[in-house]
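A look at the structure
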Amino acid sequence: MHDVDLTDEEVALAHRQGSAARDEFSETLETLTEEVSSVDALEILARAGFSLIMRGPDRIKQIGTKALELFHIELVQALALARPRGVPNDEDDYPAVTQRVIDLIERNGQAYRGKAQCKTTNDFRANQQREMLALIQSWTLAVRGTRRGYQTQDYAEGLASAVNASFRHHFGCDASAVVAMLSSIMERSEFRLQAHIGHLRSWAQKKSGTAMIEAYVKSLEPEAAARVTAETVPWHRDKRRLHAHFWNLSEQRLREAFTFPLDELVADAPAEQRSALKEVVTSALMLRFGDVTEGVLQHLHLSNPVRLKPFIEINAHKVFCSGPQIVGTHLAEILEALCATKPNLKKLAEKARADWLEARLSAVIREFLPSVEVRDAVKWSEDGGQNWWESDIVAVIDKTMLIFEAKSAKISAPASRGAIGSLKEVLQALVVAPSEQSLRLKKHVNNASGPIEFETKQGSW
């Protein structure tokens with residue numbers, strides 16, 4: 001970061017670079033929207049979802065390679081929902097469109113970050129704030145993959161359990177039913193895709209064209225089987241042509257693998273909650289073509305509505321979800337967003353979030369530092385009990401004291417988009433205040449002339 005004021009020439013150069021990035025962002029965004037809407041976006045999303053699931057969750061060996069990632073699917077889905085659904089065409093080259101879209105997304109993301117240079121000033125302090133914000137945004141852009149179970153599934157289930165009664169009062173169904181329904185998306189998708197892969201293998205491994213045709217049509221309805229057989233028999237000696245044709249037909253069936261009837265999604269919920277659960281999906285977890293506005297597109301990289309509303313409406317009875325990993329990655333945030341629509345439920349969820357984080361932190365400390373003396377909710381007073389201070393967790397190893405503060409506040413959407421005032425408030429709550437609290441306890445211990453007594457969750461200490 002710069003620690004001196006910039007010259008007028010340096011500011012002018014930064015503004016020119018920022019202006020070029022802003023133009024690049026606008027141009028690539030427009031091209032992206034046109035590319036995605038020029039074809040049936042559901043076909044792109046289905047192929048992309050299949051590719052991502054088949055690669056599996058372990059991306060360590062693939063880091064640094066240019067490949068389809070989860071955030072690509074999120075962005076493509078949001079871009080598709082900014083326009084009416086494209087009309088399917090047998091001549092559309094979906095792999096080529098997908099690759100062009102991925103390339104454009106990379107350029108668009110770089111341009112989005114570069115736009116910030118338009119705000120460069122002579123004042124180095126103002127520039128430091130801007131560079132810090134750009135760094136935080138870069139972290140957000142960099143960490144957009146799958147998460148560990150304790151970050152999503154475990155926390156979502158714990159949160160749901162804590163708010164079930166209030167959630168049922170407001171929505172007519174348990175929060176746990178919502179979590180279970182969303183969690184089932186990945187299992188349902190994988191089951192369908194395994195069947196799809198089984199069908200692929202059944203015909204692709206045949207040694208003759210005739211055997212390939214027979215294997216491919218075996219699972220089709222009689223009318224469809226007769227049509228495909230009549231179409232492909234003339235090519236029975238051309239295995240390469242048959243393979244390409246059957247592969248294309250198989251890809252066209254992928255869309256159904258990511259299409260879910262609402263009745264199927266809620267089938268495992270208690271019968272009396274199914275109607276309410278369907279209402280939650282259609283009113284709070286689903287987007288329609290045309291719902292994503294131009295204003296949303298301007299900050300799509302940092303605030304994508306698809307992450308909290310992963311379903312696309314097909315009709316009154318079916319929804320589409322090409323990214324089951326989107327549901328898994330953002331499961332907890334989806335539930336938190338639902339709770340946030342009701343003030344009382346929001347407060348209850350925030351307390352449950354804080355309690356869960358403290359309990360999780362305490363368990364981790366005890367697991368990995370088994371010989372350490374650990375105390376939770378450590379309270380102390382410096383003025384005979386008139387004012388009390390509290391640290392979340394304190395661990396003691398011999399003469400060393402470790403102080404932990406579990407902060408469950410979140411970076412707000414305005415802060416993540418660049419609102420300096422909002423960002424200051426968040427950093428004050430998440431970083432500055434807990435640091436000051438820990439420093440206060442350190443000074444209290446260091447300045448003590450005799451034994452110190454603390455009140456803790458486990459009793460006096």
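Okay, so let's go over this structure. Note that this is a predicted model, so its numbers are computed, not measured.

**Points about the packing of helix α9 (residues 222-232) against helix α10 (residues 239-252)**
- Running from N to C, α9 and α10 cross one another at 150°; their axes reach a closest spacing of 12 Å. In terms of orientation, α9 and α10 fall into the roughly antiparallel class. With respect to the hand of their crossing, α9 and α10 are arranged in right-handed fashion. The segment α9 lies against α10, with Val228, Glu231 and Thr232 engaging Leu242, His245 and Phe246.

**Regarding the environment of leucine 348**
- Looking at the element boundaries, leucine 348 is found in helix α17 (residues 343-368).
- Distance in space between the C-alpha atoms of leucine 348 and leucine 159 is 9.5 Å, their sequence separation being 189 residues.
- Not counting the four nearest positions on each side in its chain, leucine 348 is found in contact with Ala162, Val163 and Ser166.

**A few points about the packing of helix α7 (residues 175-204) against helix α13 (residues 274-284)**
- One can describe the packing of α7 onto α13 by two numbers: an axis separation of 11 Å at closest approach and a directional angle of 65°. Judged by the sense of rotation from one axis to the other, the crossing of α7 with α13 is right-handed. Taken together, the residues of α13 that come into contact with α7 (itself represented by Ala177, Val178 and Met181) are Leu277, Val280 and Val281.

**Observations concerning the pattern of salt bridges**
- All told, the structure shown has 20 salt bridges when counted by the stated rule.
- Between glutamate 24 and arginine 107 there is a salt bridge, and its shortest N-O distance comes to 2.9 Å. In this pair, glutamate 24 is assigned in helix α1 (residues 8-37) and arginine 107 in helix α4 (residues 94-114), connecting sequence segments 83 residues apart.
- You can call arginine 107 partly exposed: its relative accessible area is 41%.
- For the salt bridge of glutamate 43 with arginine 255, the shortest nitrogen-to-oxygen distance reads 3.3 Å. Remark: arginine 255 occurs in helix α11 (residues 254-257) and glutamate 43 occurs in helix α2 (residues 41-55); sequence separation between them is 212 residues.
- Connected through shared salt-bridge partners, Asp40, Glu43, Arg47, Arg85, Glu251 and Arg255 make up one network.

Conventions adopted
Residues numbered from 1 in each chain as written. Predicted model: local features only at pLDDT ≥ 70, side-chain atom pairs only at ≥ 80, totals over all residues. Heavy atoms only, no water. Axes fitted to C-alpha atoms, helices over the stretch in contact; angles between N-to-C directions. Helix = DSSP H or I, 4+ residues; strand = E, 2+ residues; numbered from the N terminus. Parallel < 35°, antiparallel > 145°, perpendicular 65-115°, else oblique. Left-handed = near helix turned anticlockwise from the far one by under 90°. Contact = heavy atoms within 4.5 Å. Salt bridge = Lys/Arg side-chain N within 4 Å of Asp/Glu carboxyl O. Buried < 20%, exposed > 50% of the residue type's maximum accessible area, 1.4 Å probe, protein only.

All we've got here are geometric facts, nothing functional implied.
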